[in-house]
Amino acid sequence: MSQKVLLNSKEVTIILHRLACQLIEKHLDFSDTILVGIQPRGVFLAERLKQILENEYKVPEISLGYLDITFFRDDFRRTDKPLEANKTQINFIVENKKVIFIDDVLFTGRSIRSALTAIQSFGRPSEIELLVLIDRRFSRNLPIQPDYRGRQVDAINDEKVKVSWKENEGEDAVYLITN
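Residues numbered from 1 in each chain as written. Predicted model: local features only at pLDDT ≥ 70, side-chain atom pairs only at ≥ 80, totals over all residues. Heavy atoms only, no water.

Novice: I would appreciate a short explanation of the sheet that holds strand 7 (residues 159-164) in the present structure.
Specialist: What links the strands of a sheet is backbone hydrogen bonding, and the strands pair in either a parallel or an antiparallel sense. The antiparallel open sheet is built from three strands, whose spatial order is 1-8-7. Of all the strands in the sheet, the pair left with one neighbour each is strand 1 (2-7) and strand 7. Taking the axes of each pair of neighbouring strands and ignoring which way they run, one obtains an average angle of 25° across the sheet. Alignment of strand 7 against strand 8 (residues 173-178), held across six bridges, turns out to be antiparallel. Across the sheet, residue V161 finds its bridge partner in strand 8, namely L176. The strands touched by helix 1 (residues 9-27) are strand 1 and strand 8; relative to strand 1, the strand with the most contacts, the crossing angle is about 40°. (Pairing = 2+ DSSP bridges. Helix = DSSP H or I, 4+ residues; strand = E, 2+ residues; numbered from the N terminus. Axes fitted to C-alpha atoms, helices over the stretch in contact; angles between N-to-C directions. Contact = heavy atoms within 4.5 Å.)

Novice: Sorry, what's going on with helix 1 here?
Specialist: Counting along an α-helix, one turn takes 3.6 residues, and residues three or four places apart therefore face a common direction. When the terminal C-alpha atoms of helix 1 are compared, their 27 Å separation across 19 residues agrees well with the 27 Å that a helix rising 1.5 Å per residue should span. The residue sitting at the N-terminus of helix 1 and contributing the capping side-chain oxygen is N8; that oxygen lies 3.1 Å from the backbone nitrogen of K10. Looking one or two residues past helix 1, L28 carries a phi angle of roughly 50°, positive in sign. (Expected span 1.5 Å × (residues − 1). Polar contact = N/O pair within 3.5 Å; in protein donor to acceptor, adjacent residues only side chain to side chain.)

Novice: Help me understand the pattern of salt bridges, please; the structure alone is not making it clear to me.
Specialist: On inspection of all chains with the given rule, the structure shows 12 salt bridges. Of the charged contacts in the structure, one is a salt bridge between E54 and K50, with a shortest N-O distance of 2.7 Å. Of this pair, E54 and K50 both sit in helix 2 (residues 42-56), four residues apart, which is roughly one turn of the helix. Measuring nitrogen to oxygen at the nearest pair gives 3.6 Å for the salt bridge that ties E169 to K162. Residue K162 is classed as partly exposed on the basis of its relative accessible area, which comes to 29%. Among the ionic contacts, a cluster of salt bridges with common partners joins R41, D104, K162 and E169. (Salt bridge = Lys/Arg side-chain N within 4 Å of Asp/Glu carboxyl O. Buried < 20%, exposed > 50% of the residue type's maximum accessible area, 1.4 Å probe, protein only.)

Novice: It is not clear to me how the sheet that holds strand 5 (residues 127-136) should be interpreted in this structure. Could you clarify?
Specialist: Pairing in this open sheet of five strands is parallel, and the strands run 3-2-4-5-6 from one edge to the other. Looking at which strands have only one partner, the edges of the open sheet turn out to be strand 3 (63-67) and strand 6 (148-153). Ignoring strand direction, the axes of neighbouring strands in this sheet form an average angle of 25°. Bridging between strand 2 (residues 33-38) and strand 3 involves five bridges; their strand directions are parallel. Of the residues in strand 3, the one forming a bridge with L35 is L64. Strands in contact with helix 3 (residues 110-119) are strand 2, strand 3, strand 4 (98-106) and strand 5; relative to strand 4, the strand with the most contacts, it is inclined by about 155°.

Novice: Explain the nonpolar core here, please?
Specialist: Core analysis: the biggest nonpolar cluster contains 35 residues, and L49, L131, I134 and V174 have the highest contact counts within it. Not counting chain neighbours up to four residues away, the residues in contact with L131 comprise L19, L23, L45, L49, I100, F101, I102, D103 and Y148. Counting 17 residues, the second-largest nonpolar core is a separate cluster that includes V36, I38, L67 and V94. (Core = buried A, V, L, I, M, F, W, Y, C linked by side-chain atoms within 4.5 Å.)

Here it is in structure tokens:
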């Protein structure tokens, strides 16, 4: 197994600031915009973006929620191992709001399809966008594309992209892992 660094800590920070600026360009004051981190890995990116927007770009009171898609997945009953659900935490109205789904890696698109179904339980958003740190463009099974992407990676199917977050693994980095 080999591991190649795709993004180091400094590059991740630069990309996070670029993504935050792109969000500001499109949404300005965020009064009708909600950030939704897709559990489990999108939560780290969503929290970091909220922190950058509020602390460094002085955007006031951004709504942030977490969405668990475990029981909305199309492979839900196709595995023998028990699934562990994460916590959905959406403490605000989604109806007629602009929702930005946030996830670390866009791979097949199936997680996003599940998130589209899951969010309907909380109301009907006026618009849904997708922000990802890494877009694996050659592995999509569904016609889903990000509105905001940190970096596009051309990884073939037996390669894995792993995002490490300072809050979880002790460092900000993105790796390409080959078996």
